[in-house]
Amino acid sequence: MQDEKNQLTKIYRYYYPVEEAGERPMQIYDICIDKKQRVWIATHAGLAMINEPTGRFSSFSRDTVFGRLPNFSNNFIDGMLLMPDGKIWIGAYSGLVTFDPDTYRYDSTFADPEFPALKQLPRRRIYRLLLDNNNNIWFGTVSNGVIFYDRKKQHLKKISINEGLADNLVNALAKDN
């Protein structure tokens, strides 16, 4: 993390246990800073949060959130998006889930009445999420190309190799001004 005021850069190291292999460094797939300036990290060992004053990590995996499983079937988290309401949308190996950083609750967006169109979203790996200037969401997926979600119209549009993408694997999205 970079402290621009004091012109310092902090490096954090975190190792997580792997059965029969000892500890290994955590690979970071995405970083999200919430409205309370907490730093959330997407990994393939679940979700982690850095407590910057202490330099300690808190890990949120499928088997550690208050003793119950979240609504995805594994710990593979690839991308995150901070939404205007403060929730973090998570692109996971098993699809899309929401995470409330204040209550540490995971929920499936497929069951949310506020987002009926998301029931049609493929329940497969989502690599990246992007919120555009019109509050629409773009999803980069592992095998379904780009999926555009018009939040006002509650409509999904798939953009794949059939529409001109070079590949249906999309692991990066960027906003164009």
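Description of the structure in this document.

Here is what the cut-offs are and how they apply
- By convention here, each chain's residues receive numbers from 1 onward along its written sequence.
- At least 70 in pLDDT is required for a residue's local features to be given in this predicted model, at least 80 for side-chain atom pairs to be given and counted, and no such filter applies to totals for whole chains, interfaces and linings, which use all residues.
- Hydrogens and waters are ignored; side-chain quantities use all the structure's heavy atoms.
- Strand pairing follows a simple DSSP-based rule, namely that at least 2 bridges must link the two strands.
- Numbering of helices and strands runs from the N terminus; a helix is a DSSP stretch of H or I covering at least four residues, while a strand is a stretch of E covering at least two.
- For every element, the axis is a line fit to its C-alpha atoms; helices are fit only across the contacting stretch, and the angle between N-to-C directions ranges from 0 to 180 degrees.
- Aromatic rings from Phe, Tyr and Trp, taking only the six-membered ring of Trp, are treated as a pair when their centres fall within 6.5 Å; an angle between ring planes under 30 degrees marks them as stacked, one over 60 as edge-to-face, and anything in between as tilted.
- Only protein chains enter the calculation, and the probe is 1.4 Å; a residue is then buried if its accessible area is under 20% of its type maximum, exposed if over 50%, and partly exposed in between.
- Without a salt bridge and with relative accessible area above 30%, a residue can belong to a patch; like charges are then joined within 9 Å and nonpolar side chains (Val, Leu, Ile, Met, Phe, Trp, Tyr) within 5 Å.
- Each accessible area is a Shrake-Rupley result for a 1.4 Å probe, and residues are judged covered by the shown protein chains and nothing else.
- We define a salt bridge as a side-chain nitrogen of Lys or Arg found within 4 Å of a carboxyl oxygen belonging to Asp or Glu.

## A short note on the sheet that holds strand 8 (residues 56-60)
Right, so step 1: With respect to topology, four strands assemble into an open sheet ordered 5-6-7-8, the strand pairing being antiparallel. Both edges of this open sheet fall to strand 5 (30-33) and strand 8, since each of them pairs with a single strand only. Ignoring which end each strand starts from, the neighbouring axes of this sheet average 25° apart.
Right, so step 2: Note that strand 6 (residues 39-43) and strand 7 (residues 46-51) share five bridges and pair antiparallel.

## Examining the packing of aromatic side chains
Each pair of aromatic rings is reported with the distance of its centres and the angle of its planes.
Right, so step 1: In this structure the tally under the stated criterion is five aromatic pairs.
Right, so step 2: Both rings, one in Trp40 and one in Tyr104, keep their centres 6.3 Å apart while their planes meet at 65°; by these two values the pair is edge-to-face. A residue pair is termed long-range when its members are at least 10 positions apart, and Trp40 in strand 6 and Tyr104 in the loop between strand 11 (95-100) and strand 12 (105-108) qualify at 64 residues.
Right, so step 3: The exposure class assigned to Trp40 is buried, which follows from its relative accessible area of 0%.

## A closer look at a nonpolar patch on the surface
Right, so step 1: Residues Ile28, Ile31 and Ile33 make up a contiguous nonpolar surface patch of about 260 Å² in total accessible area.
Right, so step 2: Mapping Ile28 onto the fold places it in the loop between strand 4 (22-25) and strand 5.
Right, so step 3: Relative accessible area serves as the criterion here: at 49%, Ile28 is assigned to the partly exposed category.

## Concerning the pairing of strand 11
Right, so step 1: In terms of residue burial, strand 11 counts as a mostly covered element, since six of its six residues are buried.
Right, so step 2: With five bridges joining them, strand 10 (residues 88-92) and strand 11 adopt antiparallel strand pairing. Across the sheet, the residue bridging to Trp89 is Thr98, located in strand 11.
Right, so step 3: Connecting the antiparallel pair strand 10 and strand 11 is a turn made up of two residues.

## Comments concerning unusual backbone geometry
Right, so step 1: Here Asn135, not a glycine, exhibits a phi torsion of approximately 65°, which is positive.
Right, so step 2: Checked against the element boundaries, Asn135 lands in the loop between strand 13 (126-131) and strand 14 (137-141).
Right, so step 3: The backbone phi angle of Gln154 is positive, close to 55°, even though this residue is not glycine.
Right, so step 4: Tracing the backbone through its elements, the reader meets Gln154 in the loop between strand 15 (146-150) and strand 16 (155-159).
Right, so step 5: Owing to a relative accessible area of 24%, Gln154 belongs among the partly exposed residues under this scheme.

## Focus on the sheet that holds strand 14
Right, so step 1: One open sheet holds the four strands; their spatial order is 13-14-15-16, and the pairing between them is antiparallel. Edge positions in the open sheet fall to strand 13 and strand 16, since each of these has one partner strand only. Taken pair by pair, the neighbouring strands of this sheet meet at an average axis angle of 20°, ignoring direction.
Right, so step 2: Sheet analysis places strand 15 next to strand 16, joined by five bridges and oriented antiparallel. Bridge assignment links Tyr149 to a residue of strand 16, and that residue is Leu156.

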